[in-house]
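Single-letter residue listing:
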Amino acid sequence: MLSKNIESALNNQIKIEAESSQIYLAMACWAEVKGLEGVANFMYAQSDEEREHMLKLVKFVNERGGHAKVSQLAEPNVSFKSIKEMFEKLFEHEVFVSQSINELVHISLEEKDYASHNFLQWYVAEQIEEEAVARTILDKINMIGDDKGGLYLFDRDIENLTVTTQATNTPE
């Protein structure tokens, strides 16, 4: 059974994950109308992934005797000055999400809710990966600079971007 405090915190995270999905969907739309098909497809996939994260939380809250809430969402930014700015915003958002997950873990430990703590470890590892991907993308964009050919190749290659982190690297 979830305490009201943890239920409320998890419902807040549900909203954050839903807003993440919307933010990335808006980024995908922006990239698509700019002719960046690879970036758009990457961001559409990110949007879908964030929705899956939200649904995982919804099911967990409901399975633990709580009531998952569907909240009104903030309207995301729909335009960016550059691809670099867009990915900087993505990175900043992932750091924000990581901080929120860390706070959830802290609450679960304070309340000695070890089931929630265990469940949240997946999100901790996921956020390490999400931040690493965003950092890698920004590094590549900084390497490209203003080179249009480099942007073309980046757009083509981003759909196949993989980043392995220690949090997701499982021993054989």
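Not measured: the values here are computed from a predicted model.

Q: So what exactly am I meant to see when it comes to the pattern of salt bridges here?
A: Side-chain pairs of opposite charge can arise where the charged atoms are in close proximity. This model, assessed by the stated rule, comprises 4 salt bridges. Where Lys-4 meets Glu-7, a salt bridge forms, and the shortest distance between an N and an O atom there is 3.4 Å. Taken together, the positions of Lys-4 and Glu-7, both in helix 1 (residues 4-33) and 3 residues apart, correspond to about one turn of that helix. Overall, Glu-7 belongs to the buried group, its relative accessible area being 8%.

Q: Help me understand the side chain of Asn-11 in this model?
A: Considering the arrangement of structural elements, one finds Asn-11 in helix 1. Excluding anything up to four places from it in sequence, Asn-11 contacts His-67, Ala-68 and Lys-69.

Q: Sorry, what's going on with the environment of Leu-73 here?
A: Along the chain, Leu-73 turns up in the loop between helix 2 (37-63) and helix 3 (83-110). Considered as a pair, Leu-73 and Glu-19 are 54 residues apart in the sequence and their alpha carbons are 6.1 Å apart. Every residue in contact with Leu-73, bar those within four places of it in the chain, is listed here: Lys-15, Ala-18, Glu-19 and Gln-22.

Q: Hey, could you run me through the packing of helix 3 against helix 4 (residues 114-144) in this one?
A: For any two helices packed against each other, the geometry comes down to the angle between their axes and how far apart the axes lie. One can describe the packing of helix 3 onto helix 4 by two numbers: an axis separation of 9 Å at closest approach and a directional angle of 160°. Between helix 3 and helix 4, the interaxial angle falls into the category roughly antiparallel. Pair helix 3 / helix 4 crosses with left-handed handedness. The residue makeup of the contact of helix 3 with helix 4, split by class, is 18 nonpolar, 7 polar and 6 charged.

Q: In this structure, what is going on with the packing of aromatic side chains? I would like to understand it.
A: Aromatic rings in a pair are described by how distant their centres are and how their planes are angled relative to each other. Across all of its chains, the model carries 6 aromatic pairs by this definition. Here the aromatic rings of Trp-30 and Phe-80 are separated by 5.5 Å at their centres, their planes lie at 85°, and the arrangement is edge-to-face. Residue Trp-30 is found in helix 1, and its partner Phe-80 is found in the loop between helix 2 and helix 3; the two are separated by 50 residues along the sequence. Each of the two residues, Trp-30 as well as Phe-80, counts as buried. Note on Trp-122 and Tyr-123: the rings are 4.8 Å apart at their centroids and 85° apart in plane angle, and the pair reads as edge-to-face. Take Tyr-123: its relative accessible area is 1%, and that puts it in the buried class. Put simply, the rings of Phe-60, Phe-119, Trp-122 and Tyr-123 touch in pairs and so form one group of aromatic residues. One Lys or Arg, Lys-56, reaches over the ring of Trp-122 and ends 3.5 Å from the middle of that ring.

Q: Would you explain the environment of Asn-62 in this entry?
A: By secondary structure assignment, the location of Asn-62 is in helix 2. When the C-alpha positions of Asn-62 and Ile-83 are compared, they lie 39 Å apart, and in sequence the two are 21 residues distant. Setting aside chain neighbours within four positions, we find Asn-62 in contact with His-67 and Ala-68. A polar contact of 2.9 Å, which involves the side chain of Asn-62, links it to the backbone nitrogen of Ala-68.

Q: So what exactly am I meant to see when it comes to the nonpolar core here?
A: Side chains that are nonpolar tend, in soluble globular proteins, to be buried together. In terms of nonpolar packing, the biggest core is built from 23 residues, with Val-39, Met-43, Ile-83, Met-86, Phe-87, Ile-137 and Phe-154 touching the most fellow members. Looking at this core, the elements that each hand over two or more residues are helix 1, helix 2, helix 3 and helix 4. Those residues in contact with Ile-137 that sit more than four places away from it in its chain are Phe-42, Phe-87, Phe-154, Ile-158 and Leu-161.

Criteria and thresholds
Residues numbered from 1 in each chain as written. Predicted model: local features only at pLDDT ≥ 70, side-chain atom pairs only at ≥ 80, totals over all residues. Heavy atoms only, no water. Salt bridge = Lys/Arg side-chain N within 4 Å of Asp/Glu carboxyl O. Helix = DSSP H or I, 4+ residues; strand = E, 2+ residues; numbered from the N terminus. Buried < 20%, exposed > 50% of the residue type's maximum accessible area, 1.4 Å probe, protein only. Contact = heavy atoms within 4.5 Å. Axes fitted to C-alpha atoms, helices over the stretch in contact; angles between N-to-C directions. Parallel < 35°, antiparallel > 145°, perpendicular 65-115°, else oblique. Left-handed = near helix turned anticlockwise from the far one by under 90°. Nonpolar A, V, L, I, M, F, W, Y, C, P; charged D, E, K, R; others polar. Phe/Tyr/Trp six-rings, centres within 6.5 Å; stacked < 30°, edge-to-face > 60°. Lys NZ or Arg CZ within 6 Å of the ring centre and 35° of its normal. Polar contact = N/O pair within 3.5 Å; in protein donor to acceptor, adjacent residues only side chain to side chain. Core = buried A, V, L, I, M, F, W, Y, C linked by side-chain atoms within 4.5 Å.

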